[in-house]
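# Observations on chain architecture
Single-letter residue listing:
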Amino acid sequence: METRPYFVFGDLLANSLAGALVGMIMAALFGPSWNMIVAMFVGMALGMIISMFIAFPMGAFFGAMEVMLPVMTTGMVAGMVVSMAAAMEPVGLGRGAELGLYSGLGTMAACYAANVWIRKGASQWTS
């Protein structure tokens, strides 16, 4: 993953947009009448599909693989988190966007941390 400010900003923007958009849509689609497990799986699948519409245009500016992996993971995580929260109690659009944003930022941080850990051990694993 890139560490230059332009690309880090692009990752932040793409993950924030994807998380907030997926969160809002999941908050609108799911409610307390849904079973939590079913809502989680459906939210995960829908989150991945919805986040592709953010990943493809952002990939043209910030690199396809560098954007695709964290944004698709953000869609999965935000879809699961917000749909499960909405299955427990009603979640407004603003709260859904907030939960999605936090999911996106957390997912991006986890992807950067995994990248550091993998690169640190790559010389041992490949030789």
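Above this text sits the structure in question.
Residues numbered from 1 in each chain as written. Predicted model: local features only at pLDDT ≥ 70, side-chain atom pairs only at ≥ 80, totals over all residues. Heavy atoms only, no water.

## Some remarks on the overall build of the protein
Scanning the protein from N- to C-terminus turns up four helices and zero strands. In the protein, the succession of helices and strands from N to C terminus is α-α-α-α. Here the protein has a C-alpha radius of gyration of 15 Å; the compact-globule value for 127 residues is 14 Å, and the two agree. Summarising its shape, the C-alpha atoms of the protein cover approximately 55 × 30 × 20 Å along the three principal directions. In the protein, which comprises 127 residues, the share counted as buried stands at 40%. For the protein, contacts bridging at least 24 residues in sequence account for 79% of all contacts bridging at least 6. Computed over 4 positive and 5 negative side-chain charges, the separation of the two mean positions in the protein equals 10 Å. (Helix = DSSP H or I, 4+ residues; strand = E, 2+ residues; numbered from the N terminus. Rg over C-alpha atoms; globule rule 2.2 N^0.38 Å. Buried < 20%, exposed > 50% of the residue type's maximum accessible area, 1.4 Å probe, protein only. Contact = heavy atoms within 4.5 Å. Lys, Arg positive; Asp, Glu negative; His and termini not counted. Charge placed at Lys NZ, Arg CZ, Asp CG, Glu CD.)

## Quick word on the packing of aromatic side chains
As enumerated under the stated definition, the model contains four aromatic pairs in all. Ring geometry for Y6 against F7: centres 5.1 Å apart, planes inclined by 85°, an arrangement best described as edge-to-face. Among the aromatic side chains, those forming a connected cluster through ring pairs are Y6, F7, F61 and F62. (Phe/Tyr/Trp six-rings, centres within 6.5 Å; stacked < 30°, edge-to-face > 60°.)

## A short note on the nonpolar core
Within the largest apolar cluster, 13 residues are counted, with the highest numbers of intra-cluster contacts made by V22, M26, F30, V82 and V91. The contact partners of F30, leaving out residues within four places of it in the chain, are A39, V42, G43, S83 and A86. By size, the runner-up hydrophobic cluster in this structure holds nine residues, among which are A14, A18, I54 and M58. (Core = buried A, V, L, I, M, F, W, Y, C linked by side-chain atoms within 4.5 Å.)

## A word on a nonpolar patch on the surface
A cluster of nonpolar residues, M36, I37, F41 and M88, forms a patch on the protein surface that exposes about 410 Å² of accessible area. No other element matches helix α2 (residues 36-62), which puts three residues into the nonpolar patch. Assignment of secondary structure puts M36 in helix α2. Overall, M36 belongs to the partly exposed group, its relative accessible area being 31%. (Patch = residues over 30% accessible without salt bridge, like charges linked within 9 Å, V, L, I, M, F, W, Y side chains within 5 Å. Areas by Shrake-Rupley, 256 points an atom, 1.4 Å probe, with all protein chains shown as cover. Salt bridge = Lys/Arg side-chain N within 4 Å of Asp/Glu carboxyl O.)

## A look at the side chain of N15
Secondary-structure assignment places N15 in helix α1 (residues 5-29). With relative accessibility at 0%, the residue N15 sits in the buried group. In terms of polar contacts, N15 uses its side chain to reach the backbone carbonyl oxygen of D11, at 2.8 Å. Among the polar contacts made by the side chain of N15, one reaches the side chain of T74 at a distance of 2.6 Å. (Polar contact = N/O pair within 3.5 Å; in protein donor to acceptor, adjacent residues only side chain to side chain.)

## Comments concerning the environment of I50
Residue position: I50 is located in helix α2. Among the residues examined, I50 registers a relative accessible area of 14% and is labelled buried. Along the chain, I50 and P5 lie 45 residues apart, while their C-alpha atoms are 26 Å from each other. When neighbours within four sequence positions are excluded, I50 is seen to be in contact with L21, V22, I25 and M26.

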